[in-house]
Amino acid sequence: VEEVLEQIKRLDKTVNDLLYFGRPGKPELDYVDINNLVKATLFFISQHPEAKNIHRIKELTRDLSPVWIDEKQIQQVLFNVILNAIQAMKEGGTLVIETDPLERDQKNYVRVRVVDTGPGIPEEELEKIFVPFHTTKTQGTGLGLPICRQLLEQHGGEIDIESKIGEGTTVNILLPAVSEEQMMKSEVDGA
């Protein structure tokens, strides 16, 4: 009976992932401090059984510009990426979470870097990592990272992954930064 219930739970997750991938919810946008969102996500992750052997380092840049995001959707992205990093370090390791401002193509972003000391991802796998249904996990649906990319693109953001075998993996999550002028303009427009 336990095995049947476990399989039902796995199938339920697969169906929910499929539904979400096909029709992600409409974002409810607000100004968010990414550092607070990272801290909250790390608190939830710390409760996960696989996180117990992992040394966590937070390097959060103070006074970052806010981001205009759906907090729940971006927390889902952070949770998924951080959990992937933890699961890659089966024998334990170090997880580094950094936030910083970044300028790319004359646009200002807030970057979240998730760095693990896991075994790394082979180049041939790295090329397929955002392909829906491609997974190396026995319990995975292969939709986690494609959903993450889809959510970030809806927010005007980006995700990229760098990895070296034997050294670990770095995931860069970029979200457009909101300037003080943009915030003041939206407050005036909304008044």
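Here the structure is a predicted model, which is why all the values come from computation and not from measurement.

Caption draft 1: Representation of the packing of aromatic side chains in the model. Per the stated rule, a full pass over the model turns up two aromatic pairs. The interplanar angle of 50° and the centroid separation of 4.7 Å between the aromatic rings of Y31 and W68 together place this pair among those described as tilted. Of the two residues, Y31 is situated in strand β1 (residues 30–32) and W68 in strand β3 (residues 67–69); the sequence distance between them amounts to 37 residues.

Caption draft 2: A look at the packing of helix α3 (residues 71–88) against helix α5 (residues 144–154). Their axes nearest at 9 Å, the elements α3 and α5 cross at an angle of 145°. Crossing of α3 against α5: the hand is left-handed. Residues Q73, I74, Q76, V77, N80, V81 and N84 of α3 form the contact with α5, whose participating residues are G144, L145, I147, C148, L151, L152 and Q154. A per-class count over the contact of α3 with α5 returns eight nonpolar, six polar and no charged.

Caption draft 3: Representation of the side chain of T99. One can find T99 in strand β4 (residues 93–104). Here T99 is in contact with I34, N35, V38, E59, L60, T61, L64, R111 and V112, once residues within four sequence places are set aside.

Caption draft 4: Looking closely at the packing of helix α2 (residues 34–46) against α3. Between α2 and α3, the least distance of the axes is 10 Å, while the angle of their chain directions is 50°. Relative to α3, α2 is oriented oblique. Like other packed secondary-structure pairs, α2 and α3 cross with a definite hand, here right-handed. Across from I34, L37, V38, A40, T41, L42, F44 and I45 in α2, the residues of α3 making contact are E71, I74, Q75, L78, F79, I82, L83 and I86. Within the contact of α2 with α3, the residues separate by chemical class into 13 nonpolar, two polar and one charged.

Rules used in this analysis
- Residues numbered from 1 in each chain as written.
- Predicted model: local features only at pLDDT ≥ 70, side-chain atom pairs only at ≥ 80, totals over all residues.
- Heavy atoms only, no water.
- Phe/Tyr/Trp six-rings, centres within 6.5 Å; stacked < 30°, edge-to-face > 60°.
- Helix = DSSP H or I, 4+ residues; strand = E, 2+ residues; numbered from the N terminus.
- Axes fitted to C-alpha atoms, helices over the stretch in contact; angles between N-to-C directions.
- Left-handed = near helix turned anticlockwise from the far one by under 90°.
- Contact = heavy atoms within 4.5 Å.
- Nonpolar A, V, L, I, M, F, W, Y, C, P; charged D, E, K, R; others polar.
- Parallel < 35°, antiparallel > 145°, perpendicular 65-115°, else oblique.

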